[in-house]
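The primary structure of each chain is shown beneath.
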Amino acid sequence: MKLLDGVALRDQLVAELRQRIEAAGSPPVCLATVLVGDDKPSQIYVRNKHKMAAAAGMISKQVELPASATQAEVEDTVAGLAADPTVHGILCQLPLPDGLDPEPVLALIPYQKDVDGLTEVSMGRLVRGLPGHVGCTPLGVMRLLERYDIPTAGRRAVVVGRSTLVGLPQVLLLGRKGVDATVTLAHSRTRDLVEVCREADILVAAAGQARMITAAHVKPGAAVLDVGISRTASGIVGDVDFESVSAVAGALTPMPGGTGPMTIACLMENTLAAARMLGAFAD
Ligand code: NDP
């Protein structure tokens, strides 16, 4: 079984971004984050993003607002970053504190700077096949498939989960021209999920249900990519029962250490792509 090591690949991708930036004469490439309130996990996520930006040879700017910030204050902050030519990528850490509506905030981020790929415009551009940013988690899955030489053309792919954050863009990416998988989108109303999953050469589990994918769901030799994260009494676990599935799968992500680190690597990739789209970086 091939282990789809997301930590090793993240480090490689981040080193490649750093090399590209250095080879271009180290122009400033800047990621700005907006953190509202004092949610601890959000603080940790944002801190890790800044650390990774530094590792990739980028600069980053952190804007923090108190939990008491008004909708107008958050929107003014994001509008300021949107208009700032020294900022290339904008990431607004979600969820926002209760009482704040993320939609009008996200709508202020121009698609070129939307490194999370979350806005309506970014999603529309993905559907239309226009240049823009794709969500970091589904993009990370694609990078794992590419870099670990998992063939996709003509293969059957099943994505479990249909959220706009992960499942839906994942389906679009796997079915794109050039990737060419034949994709099935499964969800909580899917009948005979075990049989559906067993048809997959590539199985992406993004349901958020602890260890729901067992050996019975997996066709021998299939590539299985675990996106789910569930906090259980025995710690953080994925959607995939690693032990039983590793005996059947041909390739498998570890959890942790699979799709999670790839998400942050792809945020850095999107930030460099943002600088390029804005004409601030050329190679
Ligand atoms: P959502 O809760 O928005 O979506 C979950 C999807 O899974 C829904 O479409 C739901 O179906 C489906 N689903 C739930 N239970 C089942 C089931 N028993 N069988 C089949 N389908 C099911 O979650 P997200 O898409 O935002 O996230 C999915 C998981 O990925 C979460 O655990 C999240 O923590 C994790 N995550 C991991 C990241 C990473 O970096 N690795 C990044 C982002 C998220 P229905 O639509 O019918 O309700």
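What comes next is a walk through the structure. Note that this is a predicted model, so its numbers are computed, not measured.

Here helix α3 (residues 71-83) is 13 residues long and its end C-alpha atoms lie 18 Å apart, about the 18 Å a rise of 1.5 Å per residue gives. Turning to α3, its buried residues are Val 74, Thr 77, Val 78, Leu 81 and Ala 82. Taken down its axis, α3 places every buried residue within 140° of arc, on the same side. Among the exposed residues of α3, those pointing more than 90 degrees away from its buried face are Asp 76 and Ala 83.

On to the pattern of salt bridges. All chains considered together, the criterion is met by ten salt bridges. Ionic pairing is found between Glu 16 and Arg 147, a salt bridge with its closest N-O pair at 2.8 Å. With Glu 16 in helix α1 (residues 6-23) and Arg 147 in helix α6 (residues 136-147), this residue pair connects regions lying 131 residues apart in the sequence. Classification of Arg 147 as partly exposed rests on a relative accessible area of 34%. A salt bridge links Asp 283 to Arg 276; its shortest N-O distance comes to 3.0 Å. On the basis of relative accessible area, Asp 283 is assigned to the exposed category, the value being 52%. The exposure class assigned to Arg 276 is partly exposed, which follows from its relative accessible area of 40%. Three or more residues joined by partner-sharing salt bridges are found here, namely Arg 20, Arg 276 and Asp 283.

What follows covers the site of the ligand. Within the structure, the ligand sits among 21 residues, and Arg 162, Ser 163, Ser 188, Ile 229 and Thr 263 are positioned closest to it. Measuring from an oxygen atom of the ligand, one finds a side-chain N or O atom of Ser 188 at 2.5 Å. With the chains in place, 69% of the 920 Å² that the ligand exposes on its own is no longer accessible. Considered class by class, the residues forming the shell around the ligand number nine nonpolar, eleven polar and one charged.

Tallied over the full model, the rule gives zero aromatic pairs. Its end group placed over the ring of Tyr 111, Arg 125 keeps NZ or CZ at 3.8 Å from the ring centre.

How each quantity is defined
Each chain has its residues counted from 1, running along the sequence as written. Totals for whole chains, interfaces and linings use all residues, but because this is a predicted model, local features are given only for residues with pLDDT of at least 70 and pairs of side-chain atoms are given and counted only at 80 or more. To obtain the side-chain values, all non-hydrogen atoms of the structure were included, while hydrogens and water were left out. Numbered from the N terminus, helices here are DSSP runs of H or I no shorter than four residues, and strands are runs of E no shorter than two. Multiply 1.5 Å by the residue count of a helix minus one, and that product is the helix's expected span. Accessibility here uses a 1.4 Å probe with only protein chains present; expressed as a share of the type maximum, an area under 20% marks a residue as buried, one over 50% as exposed, and anything in between as partly exposed. Note: the arc covers the axis-to-C-beta directions of the helix. Note on definitions: salt bridges are taken to be side-chain nitrogens of Lys or Arg within 4 Å of carboxyl oxygens of Asp or Glu. Being near a molecule or strand, for a residue, means having at least one of its heavy atoms within 4 Å of it. Polar contacts, as used here, are pairs of N or O atoms within 3.5 Å; protein pairs need one atom able to donate a hydrogen and one able to accept it. Residues neighboring in sequence count only if both atoms are side-chain atoms. What sets the accessible areas is the Shrake-Rupley method with a 1.4 Å probe; for residues, cover comes only from the shown protein chains. Polar here means any residue outside two lists: the nonpolar Ala, Val, Leu, Ile, Met, Phe, Trp, Tyr, Cys and Pro, and the charged Asp, Glu, Lys and Arg; Gly therefore counts as polar. A pair of aromatic rings is counted whenever rings of Phe, Tyr or Trp (Trp by its six-membered ring) have centres within 6.5 Å, and the orientation is called stacked for planes under 30 degrees apart, edge-to-face for over 60 and tilted otherwise. Two limits define a charge over a ring: the Lys NZ or Arg CZ must be within 6 Å of the ring centre, and within 35 degrees of the ring normal.

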